[in-house]
Amino acid sequence: MPFELGLAVAWQRFVEPSHTWCVFESRPWRIGKSLSDLGGTDVYVHGGKPLGVFRQLANALVLSEHQPTVSQMAVIYTQLRRRLPKIMHSAGATSPFEARVFADLVVVARGLVGQR
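Just so it is clear, the structure is predicted and the values come from calculations on it, not from any experiment.

1. Overview of the overall build of the protein
Within the protein, the regular secondary structure consists of five helices and two strands. Put simply, the protein runs from its N terminus to its C terminus through helices and strands in the order α-β-α-β-α-α-α. Counting all 116 residues of the protein, 22% fall into the buried class. Nonlocal contacts in the protein, meaning residues at least 24 apart in sequence, comprise 23% of its contacts between residues at least 6 apart. Of the roughly 8,600 Å² that the protein leaves accessible, carbon and sulfur atoms contribute 59%.

Here it is as structure tokens:
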């Protein structure tokens, strides 16, 4: 996470000032231990649970054009979880984070959002 976050911060600072970045963490105290350079940055603490992540995503997206509700995200998540085994089997994958599986999940999620 520190490397990717550093890239996001650098991109905003040196390339695209309108780029927005957020920090999400499962425990409130861990960010200070991990990344002391981010003092003063709002951290979205989600507690490591899907509903907590959705709640904090809703908070992070409050100024965004698209503002899904927690319940909308939960419905999409539930449907994706249900379809994940078949997607992984079709891709011959052992992890949902493999590139093909992730790409397929994005396609399915976009389709589900389009149905709503």
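Having seen it, we continue.
2. Looking at helix α3 (residues 50-60)
One turn of the α-helix equals 3.6 residues, which is why residues spaced by three or four share an orientation. Taken together, the buried positions of α3 are occupied by Gly-52, Phe-54 and Gln-56. Buried positions along α3 lie against β1 (23-25), β2 (43-45) and α4 (70-91).

3. A closer look at the nonpolar core
Counting residues in each nonpolar core, the largest one holds ten residues, listed as Ile-76, Leu-80, Leu-84, Ile-87, Met-88, Ala-93, Val-101, Leu-105, Ala-109 and Leu-112. Where this core is concerned, the elements lending two or more residues are α4 and α5 (99-115). When residues of this core are assigned to their parent elements, the largest contribution, five residues, is made by α4. In this structure Leu-105 touches Leu-80, Leu-84, Ile-87 and Pro-96, once residues within four positions along its chain are discounted.

4. Describing the packing of α3 against α4
Taken N-terminus to C-terminus, the directions of α3 and α4 make an angle of 135°; their axes are 9 Å apart at the nearest point. One finds that α3 runs oblique with respect to α4. Crossing handedness for the pair α3 and α4: right-handed. Of the residues in α4, those touching α3 at Pro-50, Leu-51, Phe-54, Arg-55, Leu-57 and Ala-58 are Val-70, Met-73, Ala-74 and Tyr-77. Here the contact of α3 with α4 is composed, by residue class, of nine nonpolar, no polar and one charged.

5. Remarks on the confidence of the model for the protein
In the predicted model, the protein carries a mean pLDDT of 85, and the fraction of residues at 70 or more is 85%. Considering each helix and strand of the protein separately, the mean pLDDT is smallest for helix α2 (residues 30-34), with a value of 61, and largest for α4, with 96.

6. Structural notes on the environment of Phe-24
By secondary structure assignment, the location of Phe-24 is in strand β1. Along the sequence, Phe-24 and Gln-56 sit 32 residues apart, while their C-alpha atoms lie 7.9 Å from each other.

Calculation criteria
- Residues numbered from 1 in each chain as written.
- Predicted model: local features only at pLDDT ≥ 70, side-chain atom pairs only at ≥ 80, totals over all residues.
- Heavy atoms only, no water.
- Helix = DSSP H or I, 4+ residues; strand = E, 2+ residues; numbered from the N terminus.
- Buried < 20%, exposed > 50% of the residue type's maximum accessible area, 1.4 Å probe, protein only.
- Contact = heavy atoms within 4.5 Å.
- Areas by Shrake-Rupley, 256 points an atom, 1.4 Å probe, with all protein chains shown as cover.
- Core = buried A, V, L, I, M, F, W, Y, C linked by side-chain atoms within 4.5 Å.
- Axes fitted to C-alpha atoms, helices over the stretch in contact; angles between N-to-C directions.
- Parallel < 35°, antiparallel > 145°, perpendicular 65-115°, else oblique.
- Left-handed = near helix turned anticlockwise from the far one by under 90°.
- Nonpolar A, V, L, I, M, F, W, Y, C, P; charged D, E, K, R; others polar.
- pLDDT = per-residue confidence, 0-100.

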